Amino acid sequence: MRKLSSSFAVILLAVAALLAGPAAAQSLNVDIVGGVKTATPIVVVPFAQAGGAPLSTDVADVIRNDFNRSGKFRSLAKSDIVEFPARGADIKFATWRLLKQDYITVGRISDAGGGMLRIEYELWDVNKQQSLLAQAFTVPAGDLRGVAHQIADQIYEKITGVRGAFWTRIAYITAVGLGNNTTYSLLVADSDGYNPQVVARSKESLLSPSWSPDGRKIAYVSFESGNSNIYVQDITTGSRQLVESHRKGINGAPAWSPDGSKLAVALSYVGNLELFVLDLASHQETRLTNSLSIDTEPVWAPDGQSIYFTSDRSGRPQIYQVAASGGSAQRVSFQGQNNAEASVSYDGKQIAMVQGNGNVYRIVVMDRSLGDQVRPLSPGPIDESPSFAPNASMLLYAATEGRRGVLYAVSADGLVRQRLVLSDGDVREPAWGPYRQR
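So, here is what we can say about the structure in this document. If you're wondering where the values come from, they're calculated on a predicted model, not measured in any experiment. (Residues numbered from 1 in each chain as written. Predicted model: local features only at pLDDT ≥ 70, side-chain atom pairs only at ≥ 80, totals over all residues. Heavy atoms only, no water.)

### What to know about the pairing of strand β30 (residues 416-421)
Part 1: Taking burial as the measure, the 6 residues of β30 include 6 buried ones, the bulk of the element.
Part 2: Neither face of β30 is left uncovered, since the one carrying Val 416, Gln 418 and Leu 420 and the one carrying Arg 417, Arg 419 and Val 421 both have all their residues buried.
Part 3: Across 4 bridges, strand β29 (residues 404-411) lies against β30 in antiparallel orientation. Residue pairing in the sheet places Val 410 in a bridge with Arg 417 of β30.
Part 4: Linking two consecutive strands that pair antiparallel, namely β29 and β30, is a turn of 4 residues; a positive phi of about 80° is found at Gly 414 within it. (Buried < 20%, exposed > 50% of the residue type's maximum accessible area, 1.4 Å probe, protein only. Helix = DSSP H or I, 4+ residues; strand = E, 2+ residues; numbered from the N terminus. Pairing = 2+ DSSP bridges.)

### Description of the sheet that holds strand β19 (residues 295-300)
Part 1: Strand order across the open sheet formed by 4 strands is β19-β20-β21-β22, with antiparallel pairing between neighbours. Edge strands, defined here as strands with exactly one partner in the open sheet, are β19 and β22 (330-331).
Part 2: Where strand β20 (residues 306-311) meets strand β21 (residues 318-323), 6 bridges bridge the pair, whose relative direction is antiparallel. Among the inter-strand pairings, Thr 310 is bridged to a residue of β21, identified as Ile 319.

### Brief notes about the side chain of Glu 341
Part 1: With respect to the helices and strands, the residue Glu 341 is situated in strand β23 (residues 338-344).
Part 2: For Glu 341, a relative accessible area of 9% gives the class buried.

### Here we look at the environment of Asp 424
Part 1: With respect to the helices and strands, Asp 424 occurs in the loop between β30 and β31 (426-432).
Part 2: Placed 20 residues apart in sequence, Asp 424 and Arg 404 show a C-alpha to C-alpha distance of 9.4 Å.

Here it is, written out as structure tokens:
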């Protein structure tokens, strides 16, 4: 039987120890697959540098790649850029109109002293010859990628009206090695897979990373004690807390409430896998479900009033919804033989899930305003663990290619996919983090 989702695998097959997880602080190799001909054309001119040694990061390249993987923009290839203005006054708009570009970004970098750099950029509307943005940053020389993502976010928001999500982070699990020599790691990286940092490492399986709403903590499942236990790790201080659900049996699938005060979890100490809500301050436990079936993989609705989850109470795994205080559950998914691992968009309008039909498992998205109809976002045949970006413009998921696990970041329309692969191991269980403090 194929692993439909991590939580169901733990219960139905007891193969948690076989699940893949992240490696050491090894960067993911990144490829962008596909493109959108109807995407908005934009040129990002290489930023001019005022003296000094060449910089380790090409700011314009990072911005260009952010735009290309979003599906909303089509950046002019660096090799096709014929002029190199550094400020608006230098732009020859006729050139860029001939190249059919709607927008142009120009910029410059100078030494600000004390190991700091000043980065200035401008966004112009080519057809109107109108300035839309002009901003400056003073940052450490080692933070150029972060600044580039912030610039991409601001341009994205200015043109689309939607807040950008390039300057965010992702968490994922890697597994490196074979058999008893496998090392599992929980890593955090930039949204494009760069700058990975190890949060936790174990010789036993790590599962189900879940970001706190403020982006400071990650809840996850570890088998290091021989039993599945839920931990909360502060990724800034490194401190770790064993959550009060450390009972015999399965303690899994943690999900933070929108206010960060509670965790929804799946626990089996009552004899069957059921959903509970744990108040992290009072350690009070509220039981949400009480059935003879397997209830797992909770995820909160954005308003905090209800929880979506996976249950096989209808005979096969499907998505259900229950009030955050408990009560009767309502079935949500009806298309496809199986549906599991829900991820809910920031506005609650879309639900991504793993849909199984026969031996093919794809990521699909349900628009709740259209009933239970879904649209496919991934090709299969073995895709899982969907996770929305905080603006729902993109979605992360895990895929099996041959015998290895890789990640994909896909645009909301499914037309652009970014492949993130570990050179010598498996990568699984992605979780897209929240917006960072500006």
